[in-house]
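# Overview (structure and organization)
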Amino acid sequence: MIVVEKRADLAAAREARAGRVAVVMTMGALHEGHAALVRAARRSADSVLVTIFVNPLQFGAHEDLDRYPRTLQADLALCEREGTDVVFTPSPEVVYPEGPPVVRVSAGPLGDVLEGARRPGHFDGVLTVVLKLLQLSRPDVALFGQKDAQQLAAVRQMVRDLDVPVDVVGVPTVREPDGLALSSRNRYLSPQERQSALVLSRALGARDLQTGRALLAAEPGVVPDYLERVDSTTFHPDPAGDLVVVAARVGATRLIDNLVLPAAAEGRRP
Ligand code: PAF
């Protein structure tokens with residue numbers, strides 16, 4: 001495995017790879033969810049490139065950019081263990097050599113609903129860095145976790161609308177045995193908060209939205225934000241939608257999760 005920090009070294013490493021190249025973009029603090037992404041990448045390509053970059057552009061002024069976990073040595077060990085070929089760990093100056101970009105990708109309507117409405121500019125920041133990292137790494141396939149379902153939908157929309165030559169693959173969410181979706185932000189949770197956070201997956205599995213919302217509201221230490229059934233492309237509320245999404249604050253930590261409704265459960269009306 002080689003680790004590169006500069007654009008020229010990434011370009012040389014990319015040039016040296018024959019066959020299909022897959023990219024897994026991350027902000028580090030890697031966990032088994034990322035490991036599953038790398039494994040899926042290995043199955044879909046000849047070489048795997050992982051990017052580790054905490055993108056300032058996608059954090060709001062009062063969000064956790066400064067305290068976002070940075071665990072580079074452990075991240076590199078995970079990448080090595082999972083058979084990554086190239087890791088790109090650029091600094092902000094490498095990604096944004098002229099400072100914050102003046103021209104950015106707009107997420108459009110997806111940037112205004114649910115996570116987009118709560119985090120103004122977040123998806124514009126995500127798509128801007130995703131497009132830049134795609135340009136720099138020129139992969140054949142890019143893999144994203146289903147856990148960040150709205151991000152995945154926004155990336156798919158960008159790739160369609162801007163004719164970006166890459167296949168986008170969504171990889172199912174990895175959960176702890178008790179149902180907690182893996183997230184880099186889980187490490188902020190105290191043991192008690194971690195226990196309370198289980199209510200998110202319980203709410204997703206409730207028989208209807210009303211019951212799920214009542215579960216969230218009754219959980220001590222949890223401030224519910226939304227529990228909605230939506231269309232997984234537009235993220236508009238839809239009683240026949242194929243996705244249930246949830247967000248809540250657990251202590252000081254905002255968590256999101258979702259449940260893809262299987263075709264077999266088409267008649268279900270949470
Ligand atoms: O999902 C993430 O970790 C980030 O949003 C991504 C896609 C790496 C862009 O910074």
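In this numbering scheme, every chain counts its residues from 1 along its sequence in written order. Per-residue local features of the predicted model are confined to residues with pLDDT of at least 70, and side-chain atom pairs are confined, for both listing and counting, to 80 or more; whole-chain, interface and lining totals are unaffected and use all residues. Processing note: side-chain calculations cover all non-hydrogen atoms of the structure and skip hydrogens and water entirely.

### A look at the side chain of serine 201
The helix count covers DSSP runs of H or I at least four residues long, the strand count covers runs of E at least two residues long, and both are numbered beginning at the N terminus. Turning to its location among the elements, serine 201 is positioned in helix 8 (residues 191-204). Any pair of N or O atoms that falls within 3.5 Å is considered a polar contact. Within protein, one atom must be able to donate a hydrogen and the other to accept it, and sequence-neighbouring residues count only if both atoms are side-chain atoms. Polar side-chain contacts of serine 201 include one of 3.1 Å to the backbone oxygen of leucine 198. Here, two residues are considered to be in contact whenever any of their heavy atoms come within 4.5 Å of each other. Among residues more than four places away in sequence, those in contact with serine 201 are Arg175, Asp178, Gly179, Leu180 and Asp257.

### Observations regarding the site of the ligand
Taken together, the neighbourhood of the ligand is formed by Met25, Thr26, Met27, Asn55, Gln58, Val129, Asp148 and Gln151. In this structure, glutamine 151 approaches the ligand through a side-chain N or O atom, which is 2.6 Å from an oxygen atom. When the ligand is considered free in solution it has 290 Å² of accessible area, and contact with the protein chains removes 89% of it. Residue composition of the shell around the ligand, grouped by class: 3 nonpolar, 4 polar and 1 charged. Note on terminology: near, applied to a residue and a molecule or strand, indicates that one of the residue's heavy atoms is within 4 Å of it. Here the open area of atoms and residues is found with the Shrake-Rupley method and a 1.4 Å probe, where only the protein chains shown may cover a residue. The classification used treats Ala, Val, Leu, Ile, Met, Phe, Trp, Tyr, Cys and Pro as nonpolar, Asp, Glu, Lys and Arg as charged, and all other residues, Gly among them, as polar.

### With respect to the packing of aromatic side chains
Here the aromatic set is Phe, Tyr and Trp, taking the six-membered ring for Trp, and pairing holds for ring centres within 6.5 Å; pairs whose planes are under 30 degrees apart are stacked, those over 60 apart are edge-to-face, and all others are tilted. Going through the model one piece at a time under the given rule, you end up with 2 aromatic pairs. When the centroid spacing of 6.1 Å and the interplanar angle of 55 degrees are considered together, the rings of phenylalanine 53 and tyrosine 96 count as tilted. Placement of the pair is phenylalanine 53 in the loop between strand 3 (47-52) and helix 3 (72-81) and tyrosine 96 in the loop between helix 4 (92-95) and helix 5 (115-118), with a sequence separation of 43 residues. Only protein chains enter the area calculation, which uses a 1.4 Å probe; residues under 20% of their type maximum are buried, those over 50% are exposed, and those in between are partly exposed. Classification of tyrosine 96 by relative accessible area gives buried; the value is 8%. Each ring, one from phenylalanine 59 and one from tyrosine 68, has its centre 5.8 Å from the other, and the planes form 75 degrees; the classification is edge-to-face. Given a relative accessible area of 10%, phenylalanine 59 falls into the buried group. Take tyrosine 68: its relative accessible area is 7%, and that puts it in the buried class.

### Examining the sheet that holds strand 8 (residues 243-250)
At least two bridges found by DSSP between two strands is the condition for calling them paired. Read across the open sheet, the 3 strands follow the order 7-8-9; overall the sheet is antiparallel. Where the open sheet ends on each side, the last strands, each with one partner, are strand 7 (222-230) and strand 9 (253-260). Between one strand axis and the next, the sheet turns through 15 degrees on average, direction left out of account. Both strand 8 and strand 9 contribute to a ladder of 8 bridges, which runs antiparallel. Its bridge partner lying in strand 9, alanine 247 is registered against isoleucine 256. To define axes, lines are fitted to C-alpha atoms, for helices over the stretch in contact only, and angles between the resulting N-to-C directions are given on a 0 to 180 degree scale. Taken strand by strand, helix 9 (residues 209-218) contacts strand 7 and strand 8, and its axis lies near 165 degrees from that of strand 7.

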